[in-house]
Structures are given as C-alpha cells and as structure tokens.
Amino acid sequence: MANDKQGGGSQDNRYVAALAMRGANPALKIIVYVCYGIIALGSLALVSPPYETAFKLGALGILVGALLIVAILVLIRYQALTQETPLPVRPAPVPPPVPGPRHLSSADRRLILETLDEAREAAQKFLSGYNANIKITQVRANVFLPEYTDNDAAKPCVLKIKPGLHQNMNRPKEIEIPLKPGQGATGRAFESSSSRVAIRLPSDQGGGWEAVFEITAALAEIIDPDLKWVISMPLMDGNRKPIGVMSVDGLVEEFTFDALNRCTVPLTNCSLAIAGIIMGN
C-alpha cells in the first residue's frame, strides 16, 4: 500500500509539472502561458457585457481554441516527463562510527596493563593513610569497553572487561560480567562521564549495593563476595565522549565514601593515560 501511495504522489507531481511546463522548451512555455492568459480573458468575456450572440460566440471560439492548444502541449509535456529517468535514490545514512579503536596491539595492551598496575599501587598507597591494613594484593583494576549492537554507536551498548585488560582478578565469571550504562559504578561513570564510587553496604543492611547501582541478584552472585568498594573513572576521547571505564576496586578492607572519593585524584593520570593509549595518542 505504501508503494501505491508513493506512486500516486509521483504521478500527481508530473501533472503539476506538466501544467507548469517545468523543464519545457522556453518557446512552448511562452505559448502555454499566453494561452492561459487568453483562457482567463475569454472566460471573463463570456460572463461580462456586451451580451450580443456574435461577441459571445467569438469569445467562446477563442477560449476553446486556447484550451485545445494548452491540452495538446500539456499532454505532450506530461508524456515527456513520464519517460524521463527518475532521480537516483539517496543511499541510506551511514551509522555513526563506534568510538575508540576496534583492535589494540600487543604493545597497547602491555602499556594498559602497566598503567593498571600503577593505578593499583596509587590506590593502595593513598588509602593506606586511612587504613594501614590494606595490601596491594587486595586491590584490583580493569578496563571496561562498550560493545555496541550491530556495531552502531547510535544503538544501546553493554560494557565488558576487554579480554586480558585486568590485573589481579581471578574469577572468570566476574571478568566476563556485563554491565549496562547506568549499572554499577562502572555503568554510572560511563553514562555520566564522571568518576563514581560504590561501597558495599554493611551486613546489617543486607551486605549488598545501593539500589541506585541496579545490581540484580544475578550480577550479585557473580561479584566477588569479598569486594568492598569500587572506584570507576571514565575514559574520554578528544571530544569528551566516553569510550570506556577504568575501575579500581578492593577486597576485604573497608573505606568511607569520602576516602574513596578523594582517591580519584591520584587515579586521574592513570585514566587519562589509558584513554590516550586506546585512542592511539
């Protein structure tokens, strides 16, 4: 049905174009427009005085003659329009490219892993000022990158740890955990383009995570039960668009939100470095 309507609209356009003599020879256009004028004057003469029969017959003859000329020329122009090659169909718009590189070289991966270790050390050193019991073996780090539906950045994505881009993580299911934008500290950092901190609730409050992080029961089973806190830093491209997230988290030892929020400062250089590596800078 949509095609029928489309065809009908195109046919109507040809009628209008033929009546207006669009694209026709200039001489033919002049003849048709003169005839239009004669038709208008003839029509006016038929309804205006004098009312003598001879005058009316003369006006009618001129009117009919002009109408006949117009009909012939418009018909010829309409047939010419129907035989013209239609305009080419515009190609479908190309979807926006997926942010970030599609592949990382072995050298890129090595640099990212080294930077993740620097981030772990920076976090352990800073947080030891609040709790001396924290050990470097309790601090982990990883890089989440978006995976887009149909490889189209305009469509929804899911955030996943890029294979191999993690340090001190040894739970396979946790390494493969999928997070939507807005889900978990990682998803919220990606969605908001700003750092986010998450703290596991005390056992008397359920021992889970705040509802704002949208951690489902299925995700809660995947997350290490000893995980106590997460600091997520967005990775930005040159246009300040998020291309991923660097997360540093810790097991066993607990810290206040204020301490973890302050810890984002020494981690900033690491996140900037990883973003630069990913973008090829």
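Residues numbered from 1 in each chain as written. Predicted model: local features only at pLDDT ≥ 70, side-chain atom pairs only at ≥ 80, totals over all residues. Heavy atoms only, no water.

Peer 1: When you look at the sheet that holds strand β3 (residues 196-199) in this model, what are you seeing that I'm missing?
Peer 2: The strands making up a sheet associate through hydrogen bonds between their backbones, and the pairing can be parallel or antiparallel. If you walk across this open sheet you meet the five strands as β2-β1-β5-β4-β3, and the pairing is antiparallel. The strands lining the two open edges of the sheet, one partner per strand, are β2 (157-167) and β3. Sheet twist, expressed as the mean angle between neighbouring strand axes with direction ignored, is 25 degrees. Across seven bridges, the pairing between strand β1 (residues 139-148) and β2 is antiparallel. The residue of β2 that forms the bridge with asparagine 142 is histidine 166. Strands β1, β2, β4 (227-236) and β5 (242-251) of the sheet are contacted by helix α4 (residues 106-127), whose axis makes an angle of about 85 degrees with β2. Its contacts with the sheet place helix α6 (residues 184-192) against β1, β2, β3, β4 and β5, and it is angled at close to 150 degrees to β5. (Pairing = 2+ DSSP bridges. Helix = DSSP H or I, 4+ residues; strand = E, 2+ residues; numbered from the N terminus. Axes fitted to C-alpha atoms, helices over the stretch in contact; angles between N-to-C directions. Contact = heavy atoms within 4.5 Å.)

Peer 1: Teacher, can you tell me more about α6 here?
Peer 2: Quick reminder: α-helices carry 3.6 residues per turn. Residues three or four places apart thus point the same way. For α6, the full list of buried residues reads Gly184, Ala185, Thr186, Gly187, Ala189 and Phe190. Looking at the packing, one finds that the buried side of α6 touches β1, β2, β3, β4 and β5. Serine 193 sits one or two residues past α6 and shows a positive phi near 60 degrees. (Buried < 20%, exposed > 50% of the residue type's maximum accessible area, 1.4 Å probe, protein only.)

Peer 1: Looking at this model, I keep getting lost on the pairing of β5. Mind explaining?
Peer 2: Regular strands have side chains that alternate between both faces of the sheet. Where burial is concerned, most of β5 is hidden: 10 out of the 10 residues are buried. By the bridge criterion, six bridges tie β1 to β5 in an arrangement that is antiparallel. Paired with valine 143 across the two strands is methionine 246, which belongs to β5. Sheet topology places β4 next to β5; nine bridges connect them, and they run antiparallel. Within the sheet, the bridge partner assigned to leucine 227 lies in β5 and is leucine 251.

Peer 1: Where do I start with helix α8 (residues 257-279) in this structure?
Peer 2: When the terminal C-alpha atoms of α8 are compared, their 31 Å separation across 23 residues agrees well with the 33 Å that a helix rising 1.5 Å per residue should span. The principal kink in α8, of about 50 degrees, is found at leucine 267. Every buried residue of α8 is listed here: Ala259, Leu260, Cys263, Thr264, Leu267, Cys270, Ser271, Ile274, Ala275, Gly276, Ile277 and Ile278. On its buried face, α8 sits against α4, β1, β3, β4 and β5. Of the residues one or two after α8, glycine 280 is the one with positive phi, at around 80 degrees. (Expected span 1.5 Å × (residues − 1). Bend = angle between axes of the 7 residues up to and from the residue.)

Peer 1: Is there a simple way to explain the pattern of salt bridges in this structure?
Peer 2: Pairing is possible between side chains of opposite charge, provided their charged atoms come close. Enumeration according to the criterion identifies six salt bridges in this entry. Linked by salt bridges that have partners in common, Arg140, Arg171, Glu174 and Asp249 make up one network. (Salt bridge = Lys/Arg side-chain N within 4 Å of Asp/Glu carboxyl O.)

Peer 1: What am I meant to see in the environment of isoleucine 136 here?
Peer 2: Here isoleucine 136 shows up in the loop between α4 and β1. In this structure isoleucine 136 touches Arg120, Glu121, Gln124 and Asn168, once residues within four positions along its chain are discounted.

Peer 1: How should I be thinking about the packing of α4 against α8 in this particular structure?
Peer 2: The relative placement of two packed helices is expressed as an angle between their axes plus a distance between the axes. Between α4 and α8, whose axes approach to 9 Å, the crossing angle comes to 170 degrees. With respect to each other, α4 and α8 are oriented roughly antiparallel. Counting all contacts with α4, which are made through Asp108, Leu111, Ile112, Thr115, Leu116, Glu118, Ala119, Ala122, Ala123, Phe126 and Leu127, the residues of α8 involved are Ala259, Leu260, Arg262, Cys263, Pro266, Leu267, Cys270, Ala273, Ile274, Ile277 and Ile278. Considered class by class, the residues forming the contact of α4 with α8 number 18 nonpolar, one polar and three charged. (Parallel < 35°, antiparallel > 145°, perpendicular 65-115°, else oblique. Nonpolar A, V, L, I, M, F, W, Y, C, P; charged D, E, K, R; others polar.)

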